[in-house]
Structures are given as structure tokens and as C-alpha cells.
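Letter by letter, the chains look like this.
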Amino acid sequence: MSAFLAAVRREPVPHTPVWFMRQAGRSLPEYRKIRAGTGMLESCRTPDLVTEITLQPVRRYGVDAAIFFSDIVVPVAAVGVPIDIKAGVGPVLDEPVRTAADVAAIRDLTPEDVPYITEAVRQLVGELGDTPLIGFAGAPFTLASYLVEGGPSRSYTNTKALMYGAPDIWHALCAKLAGIARVFLEVQIAAGARTVQLFDSWAGALSEADYRRYAMPHSAAVLDGLTVPRIHFGVGTGHMLEAIAEAGADVVGVDWRTPLDVASARLGAGYAVQGNLDSIVPFAPVEVIEREVRRVLAEGAKAPGHVFNLGHGVMPDTDPDALKRIVDLVHEN
Ligand code: 1CP
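Residues numbered from 1 in each chain as written. Predicted model: local features only at pLDDT ≥ 70, side-chain atom pairs only at ≥ 80, totals over all residues.

### Details of the nonpolar core
Across soluble globular proteins, nonpolar side chains have a tendency to be buried as a group.
Inference 1: Core analysis: the largest hydrophobic core is formed by 111 residues, its most contacted members being Ile-134, Leu-143, Ala-181, Ala-249, Val-251, Val-252 and Val-273.
Inference 2: Ignoring anything within four residues of it in the chain, the contact list for Val-251 reads Val-8, Pro-229, Ile-231, Tyr-271, Ala-272, Val-273, Gln-274, Gly-305 and Val-307. (Core = buried A, V, L, I, M, F, W, Y, C linked by C-beta atoms within 7 Å. Buried ≥ 20, exposed ≤ 12 C-beta atoms within 10 Å, placed from the backbone. Contact = placed C-beta atoms within 7 Å.)

If you want it as C-alpha cells, here you go:
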């Protein structure tokens, strides 16, 4: 039995399992090499590339789970929304989605829209052997933020303006994105993903009351009744971890700001936790890395299940050797 799947199910583990959000990507020289000259979306539509890039961190670090190499906007692009991923920036659209007509023009996703996802997941599951694959999708709020802003944002001004000013359009957009995210997850599960993670990376920009009113029902629609364990994560959501759990989670992802024992005490016995080493700790002196890894392990040990991870994604300029040292430390302890 995989240590990762056991921890997710709150069962006894041989050692604490570990993987890293954004473990594939620019921090790896082998990734930079294989990606040279190929756009991000094109890479995501090429099963051989997806398979190789997903496997790279598994080989290098010996992590306990693989995260499918794709992006949260891949299924949105697959239904014809003219979105691109600009290197060094992220998802961008020339014409943001802001009106009822813009929302009505977005069609639903079907598995036939993403044959390359099915093919890549199947191929990967074959190559991974006993290492479980984590499928993922972006939550409606986080996806909507890119569509409404037209790109990455700091303040989510246009997103919140739509949410508060035109709640009917907002809810129609989020319902559409929930359907798209749901199908994207189901396709990955049908092809062999053993767990899924819903990334609501930017939900922490909302108060708990607004999260519950404007975002949570749509995330619940994505997560409800899936047939595999669900990890639910957002950055800066320490003020509303209970709501993140209630939306539909088996594992609550916690960023670096909230100690895991504090998070777990609030969530209770029904949830495992994932996290939460500060993504900048890998840049610190080795004694600090060791101290912080031990602290996170000790705090996580108080939860009914703990998956070691960073508090958010791997920074692009992280030294891969530091991540390898962290994996070894977690496995030794
Ligand atoms: O190993 C892995 O985790 C890689 C797979 C992966 C995942 C899970 C990628 C590849 N993207 C994602 C999800 C994703 N994409 C999220 C949720 C995770 C998180 O919070 O970190 C988000 C918010 C995005 C949107 C996105 N795509 C951004 C962030 C922009 C912002 O608002 O700050 C960026 C930079 C991308 C592009 C992207 N996605 C993935 C990679 C390796 C890259 C960089 C590609 C490149 O520059 O060529």
C-alpha cells in the first residue's frame, strides 16, 4: 500500500509521504531542456511530453506521488476560450469574460474534447507502477479570476466587481467552470488518477462569508461524490479552513502561515492535512531546512493523516538538491 494513499485515507503509514506542488517545471534543468521551443499549452496536449515531464521529479526526488503535468486552464482552452499561457506570466486572454453573453458563449466540456488527457494519464499510470498519480483541476473562483481579469491579478478588482455587481452573471460563470472542472477531473480519474487536488489558489482573497456565498457552492459541485480521495487547497485560506473542508475534502491543503497542528485541531478527526513548509525554506541554510522540516513533521504528526508538501508551489529558481534533501529527511523521520 502506498504511504501517500494511506495518509490521504487517515490510515497508518510506513513513513510520512511527500510530494511538492509544482514539482515539475522550471526548477528542473531536464524540464527546461525538454520544454525548449514548445509552448505550455502545446506541451500539455502532447502525451509523450506530459508523461516525461510528470516522471522527471518522481525519478529525481523519489516523491511518494506524481502530479499530472497540465494546467488549470487546459480544459478552458479545450472548450474554445481563447486563452494562452505566456511564459513567465501565466494564463492570459485578450478579451476577458465579463458579460452574460460572454458566459453564454462558453460551452461545456466533454471527454472527447481532451483525448490527449486520457491518453497521457493512461500512459503515465502504466509507467508509474506503484506511485499514485494525482489528477487536478482549478476551482471555479480561481479559474474565473483569470477569465474575468484577463490574466494574473493582485487585487482581483474586476473579479470581485462582477461577483458583487452582477451576481447572476458571476454564478452562471462559476457554474459553467464547475462543470468544466468536474469533467476534467472525471476524465483523469477514469484514466487512472488515484486522488485529485482542487486548486483554489486565490480563494484566500475572499472573506469567509464571501467564500461561502460566492465560491463554495461551485467548488462543492466539483468535489461532491467523486470516487477518489480529494485534496482541497488554497493559498491564504487559514481564516476559513473549515469552509475549505466543508466544500468537500478528504485532505485540506494548508499554506505556510497556519501550523498544521492548529489547522488539524480546528478541522477535527475527519480530515487529513497537507503541507506546509514555506516555499522559501529550500533557499535557507541546511540547518534551517532541517529544523523547519522537523517542525512541520512534528506538527503534522498531530493530525489524523499528514501529506508533507510545501505551503504553495516550488519557486522556479529552487535548487533541486535542496528538494531532494527534504524528501530524504521526511522519509528518514
Ligand atoms: O508539478 C506540477 O505541479 C506542475 C503541474 C501544474 C499545476 C498543478 C502546472 C504547470 N500548473 C498547475 C496548476 C496551476 N496553474 C495553478 C494552481 C497551482 C498553484 O496555485 O500554484 C495556477 C494558479 C495556475 C495558473 C498558472 N499557470 C500560473 C500562475 C500565474 C499567477 O496567477 O501567478 C502560471 C505561471 C502558469 C503556467 C504554468 N503552469 C505549469 C507550469 C510549469 C507553468 C509555467 C510554464 C511556463 O512558463 O512555460
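### Points about helix H8 (residues 140-149)
Inference 1: Taken across its 10 residues, H8 has 10 buried, putting it largely inside the fold.
Inference 2: Buried within H8 we find Pro-140, Phe-141, Thr-142, Leu-143, Ala-144, Ser-145, Tyr-146, Leu-147, Val-148 and Glu-149.
Inference 3: With its phi angle positive at about 90°, Gly-150 sits one or two positions after the end of H8. (Helix = DSSP H or I, 4+ residues; strand = E, 2+ residues; numbered from the N terminus.)

### Regarding the UniProt feature "domain: Uroporphyrinogen decarboxylase (URO-D)" (unreviewed entry) in the protein chain
Inference 1: Feature annotation in UniProt places "domain: Uroporphyrinogen decarboxylase (URO-D)" (unreviewed entry) on residues 17-26 and 134-150, given in this structure's numbering.
Inference 2: Within the segment residues 17-26, helix and strand shares are 0% and 0% respectively, and the terminal C-alpha atoms sit 23 Å apart.
Inference 3: As a span, residues 134-150 carries 59% helix and 29% strand, and end to end its C-alpha atoms are 28 Å apart. (UniProt positions renumbered as here; feature names shortened; annotations may be inferred.)

### Details of the confidence of the model for the protein chain
Interpretation of this model should avoid reading the predicted coordinates in detail wherever pLDDT is low.
Inference 1: In the predicted model, the protein chain carries a mean pLDDT of 98, and the fraction of residues at 70 or more is 100%.
Inference 2: The ipTM assigned to the predicted complex is 0.93, against a pTM of 0.97. (pLDDT = per-residue confidence, 0-100.)

### Quick notes on the UniProt feature "site: Transition state stabilizer" (unreviewed entry) in the protein chain
Inference 1: Taken from the UniProt record, the annotation "site: Transition state stabilizer" (unreviewed entry) applies to Asp-71.
Inference 2: With near-sequence residues (within four places) excluded, Asp-71 lies in contact with Met-40, Cys-44 and Ile-85.

### Let's talk about the packing of helix H7 (residues 115-128) against helix H10 (residues 167-191)
Inference 1: Viewed as axis vectors pointing N to C, H7 and H10 meet at an angle of 35°, and their least axial separation amounts to 8 Å. For the pair H7 and H10, the sense of crossing is right-handed. Contact residues: Ile-117, Thr-118, Val-121 and Arg-122 in H7; Val-187, Gln-188 and Ala-191 in H10.
Inference 2: Considered class by class, the residues forming the contact of H7 with H10 number four nonpolar, two polar and one charged. (Axes fitted to C-alpha atoms, helices over the stretch in contact; angles between N-to-C directions. Left-handed = near helix turned anticlockwise from the far one by under 90°. Nonpolar A, V, L, I, M, F, W, Y, C, P; charged D, E, K, R; others polar.)

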